[in-house]
Amino acid sequence: MEGYGLEWLELVGRWLHLLFGIAWIGASLHFVRVDRGLVAPSSESDERQGTFWAIHGGGIYEFTKYKGAPAVWPSELHWSKWEAYSTWLSGVLLLFLVYYIKAEAYLYGELELLHTPLRAVMASMALIAGSVLVYEGLIRSALPARPAVLAWVMGGLVLGLSFLSLTLFAPRAAFIHVGAVLGSIMVGNVFFGIIPAQKAFVAAVQQGRAIDQSRADKAKQRSFFNNYFTLPVLFCMVSLHFPMVYQHELVGVSLFLIMLAGALGRHFFNLRHVGLHQPIYLAAAALILMGVAWLIQPRSIEVEADNQLSADPAVARQARAEQEAEVMALVNLHCVNCHADQPTYPGFSSAPAGLSYESLAMLRAQSARAMTAIQSGYMPLGNLTQLSRDDRAKLVRYLATEGSAP
């Protein structure tokens, strides 16, 4: 029942994380669209900075941004902050349920030093907290006055973060940690910069003091940075479903390039919102993704023709029976502890992804997915059962030659 309860907590946590994330990112994209699309008033004396008109749900909407505070202060002012906080808190919950409780299965990488749950979890927390501190130091420095330079610096840091995460953790966990770091930076922008600036703005208006415009401009800059992080973070969130992207020797480069493609795609729309149509950025993003797909494509499996099978049907059947017995023994040892109707591995109450390999027929029915996971090294999780390279090759060879057999 313990594993069953954990799976329910993970299900609800993932559902909430998705819901809150949609609300946060949707609001971010919408407000950037409004801010970038403002039409300036005809009179310079107008207290409005600009207006944005839109139609939605059968009605016409007018969004107005003021240069400072409106002449008449609104009776109710809506804040956008809990979408961000809830997304981050639900993400931390998922990190705990999936990667901290099951550190041996999901978190351990090749670094032997971190092969204890406590050390692995501490390294995870240190990486996230340390990255946020580094970013906060940069954003509070004089560097934001030169946005292009800051963008290059951030790109280099994200590239370094990708390789550092892959050094510390298993590839799947590394991708999630890069997303967790960027998400933590985003919520830090809200908590440490945007909301305090907005509170200071409101307090100044209500007390009749001058508004600190420089602080408001810095908050806007943080919000704009968050806009560029959205697509890379979303990719990291969904990457766990696709071992092909994180089980490759060039995984660090591919992770960075895919996130770069997302940022370039976002840049295209940010320019388009101000009337600049430059499809070169979308084309560059598409070319990068195609290049990554080519770069990390699985190596073709060379299946040696078995010319040594006896022409005697009885001997051939015996040889195949021995091969199947050997394969099933490997599957029972390395796979069935998780991939069974009733898994014996702690923390699992059902077969991951619904894949059960309790018989060769079940294994053959899912041969394509099984072969990718085994060949890439993704399975067994963390290679806790120490599946050797030779035994891995035997499984891949069997699935390649017999996977389509009835």
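Turning our attention to the overall build of the protein. If you tally the helices and strands in the protein, you get 14 helices and 2 strands. With the C-alpha coordinates of the protein rotated into their principal frame, the extents come out at 100 × 45 × 45 Å. Within the protein, buried positions represent 41% of all 406 residues. When contacts within the protein are restricted to residue pairs at least 6 apart in sequence, long-range pairs at least 24 apart make up 65% of them. Looking at the protein as shown, the accessible area adds up to about 23000 Å², and 64% of this sits on carbon and sulfur atoms. Taking the 29 positively charged and 29 negatively charged side chains of the protein as two groups, their mean positions are separated by 11 Å.

What follows is about helix α5 (residues 147-168). The end-to-end C-alpha distance of α5, which contains 22 residues, comes to 31 Å, matching closely the 32 Å that a straight helix rising 1.5 Å per residue would cover. Residues of α5 that are buried: Leu-150, Met-154, Val-158, Leu-161, Ser-162, Ser-165, Leu-166 and Leu-168. The buried side chains of α5 occupy one side of the element, clustering within an arc of 155° when seen end-on. Projecting away from the buried face of α5 at angles above 90 degrees are the exposed residues Ala-148 and Trp-152. Of the surrounding elements, those touching the buried residues of α5 are α3 (103-107), α4 (117-139), α6 (171-207), α7 (213-238) and α9 (251-272).

One pass over the structure, following the stated rule, counts 6 salt bridges. Residues Arg-14 and Glu-10 are paired through a salt bridge, measuring 2.9 Å at the closest nitrogen-oxygen approach. Here Arg-14 and its partner Glu-10 are both found in helix α1 (residues 2-36), 4 residues apart, which amounts to about one turn of the helix. Judged by its relative accessible area of 18%, Glu-10 is buried. We note a salt bridge from Asp-35 to Lys-220, for which the minimum N-O separation is 3.0 Å. Of this pair, Asp-35 sits in helix α1 while Lys-220 sits in helix α7, placing them 185 residues apart in sequence.

It is worth spelling out the pairing of strand β1 (residues 48-56) at this point. Two faces make up the sheet, and in a regular strand the side chains alternate between them. By the bridge criterion, 8 bridges tie β1 to strand β2 (residues 59-66) in an arrangement that is antiparallel. Bridge assignment links Trp-53 to a residue of β2, and that residue is Glu-62. Here β1 folds back onto β2, and the loop between the two strands holds 2 residues, one of which, Gly-57, carries a positive phi near 60°.

Residues at a pLDDT of 70 or more form 90% of the protein, whose mean pLDDT is 85. In this model residues 305-309 is a low-confidence stretch, pLDDT under 50, and it forms 1 contact with partners more than four residues away in sequence or in other chains.

All right, on to the environment of Leu-143 then. Topologically, Leu-143 is positioned in the loop between α4 and α5. Not counting residues within four places of it along the chain, the set of residues in contact with Leu-143 comprises Leu-138, Val-149, Leu-150 and Val-153.

On to the side chain of His-334. Inspection of the secondary structure puts His-334 in helix α11 (residues 313-334). In contact with His-334, not counting residues within four places along its chain, are Pro-380, Thr-385, Gln-386 and Leu-387.

It is worth spelling out the packing of α9 against helix α10 (residues 280-295) at this point. Packing of α9 against α10 brings their axes to within 8 Å, and their N-to-C directions diverge by 165°. With respect to each other, α9 and α10 are oriented roughly antiparallel. Along this stretch, α9 crosses α10, giving a crossing that reads as left-handed. On the side of α9, the interface is formed by Ser-254, Leu-257, Ile-258, Leu-260, Ala-261, Leu-264, Gly-265, His-267, Phe-268 and Leu-271, while α10 contributes Tyr-281, Leu-282, Ala-284, Ala-285, Ile-288, Leu-289 and Val-292.

Per the stated rule, a full pass over the model turns up 8 aromatic pairs. An angle of 65° between the planes, with centres 6.0 Å apart, marks the rings of Tyr-99 and Tyr-106 as edge-to-face. Across the pair, exposure class does not vary: Tyr-99 and Tyr-106 are buried alike. Look at Phe-268 and Phe-269: their rings are 5.0 Å apart centre to centre, the planes differ by 80°, and that puts the pair in the edge-to-face class. The structure contains a cluster of three or more aromatic residues connected by ring pairs, namely Trp-82, Tyr-85, Phe-191 and Phe-192. Over the face of the ring belonging to Trp-79 we find Lys-81, whose NZ or CZ atom lies 5.8 Å from the ring centre.

If you trace the backbone, Glu-76 turns up in the loop between β2 and α2 (82-100). A C-alpha to C-alpha distance of 35 Å links Glu-76 and Leu-138, two positions 62 residues apart in sequence.

This part takes up a nonpolar patch on the surface. A cluster of nonpolar side chains, Tyr-4, Trp-8, Leu-11, Val-12, Leu-16 and Leu-19, forms an exposed patch at the surface whose accessible area comes to about 570 Å². Following the sequence through the fold, Val-12 ends up in helix α1. Overall, the relative accessible area of 37% leaves Val-12 in the partly exposed class.

With that settled, consider the environment of Glu-324. Following the sequence through the fold, Glu-324 ends up in helix α11. Expressed as a C-alpha distance, the spacing of Glu-324 and Val-245, which sit 79 residues apart in the sequence, is 31 Å. In this structure Glu-324 touches Leu-360, Arg-364 and Tyr-398, once residues within four positions along its chain are discounted.

On to α7. Spanning 26 residues, α7 covers 38 Å between terminal C-alpha atoms, matching the ideal 38 Å at 1.5 Å per step. A bend of about 35° at Phe-229 is the largest found in α7, and the proline Pro-232 appears one to four places after it. Within α7, the full set of buried residues consists of Ala-219, Gln-221, Arg-222, Phe-225, Asn-226, Asn-227, Phe-229, Thr-230, Pro-232, Val-233, Phe-235 and Cys-236.

Bringing the packing of α4 against α6 into the picture now. Across the interface, α4 lies against α6 with an axial gap of 9 Å and an inter-helix angle of 45°. The pairing of α4 with α6 is recorded here as oblique in orientation. Pair α4 / α6 crosses with right-handed handedness. Of the residues in α6, those touching α4 at Ser-124, Leu-127, Ile-128, Ser-131, Val-132, Tyr-135 and Glu-136 are His-177, Ala-180, Val-181, Ser-184, Ile-185, Gly-188, Asn-189 and Phe-192. Of the residues in the contact of α4 with α6, the class split is 8 nonpolar, 6 polar and 1 charged.

Rules of the game
- Residues numbered from 1 in each chain as written.
- Predicted model: local features only at pLDDT ≥ 70, side-chain atom pairs only at ≥ 80, totals over all residues.
- Heavy atoms only, no water.
- Helix = DSSP H or I, 4+ residues; strand = E, 2+ residues; numbered from the N terminus.
- Buried < 20%, exposed > 50% of the residue type's maximum accessible area, 1.4 Å probe, protein only.
- Contact = heavy atoms within 4.5 Å.
- Areas by Shrake-Rupley, 256 points an atom, 1.4 Å probe, with all protein chains shown as cover.
- Lys, Arg positive; Asp, Glu negative; His and termini not counted.
- Charge placed at Lys NZ, Arg CZ, Asp CG, Glu CD.
- Expected span 1.5 Å × (residues − 1).
- Arc of directions from axis to C-beta.
- Salt bridge = Lys/Arg side-chain N within 4 Å of Asp/Glu carboxyl O.
- Pairing = 2+ DSSP bridges.
- pLDDT = per-residue confidence, 0-100.
- Axes fitted to C-alpha atoms, helices over the stretch in contact; angles between N-to-C directions.
- Parallel < 35°, antiparallel > 145°, perpendicular 65-115°, else oblique.
- Left-handed = near helix turned anticlockwise from the far one by under 90°.
- Phe/Tyr/Trp six-rings, centres within 6.5 Å; stacked < 30°, edge-to-face > 60°.
- Lys NZ or Arg CZ within 6 Å of the ring centre and 35° of its normal.
- Patch = residues over 30% accessible without salt bridge, like charges linked within 9 Å, V, L, I, M, F, W, Y side chains within 5 Å.
- Bend = angle between axes of the 7 residues up to and from the residue.
- Nonpolar A, V, L, I, M, F, W, Y, C, P; charged D, E, K, R; others polar.

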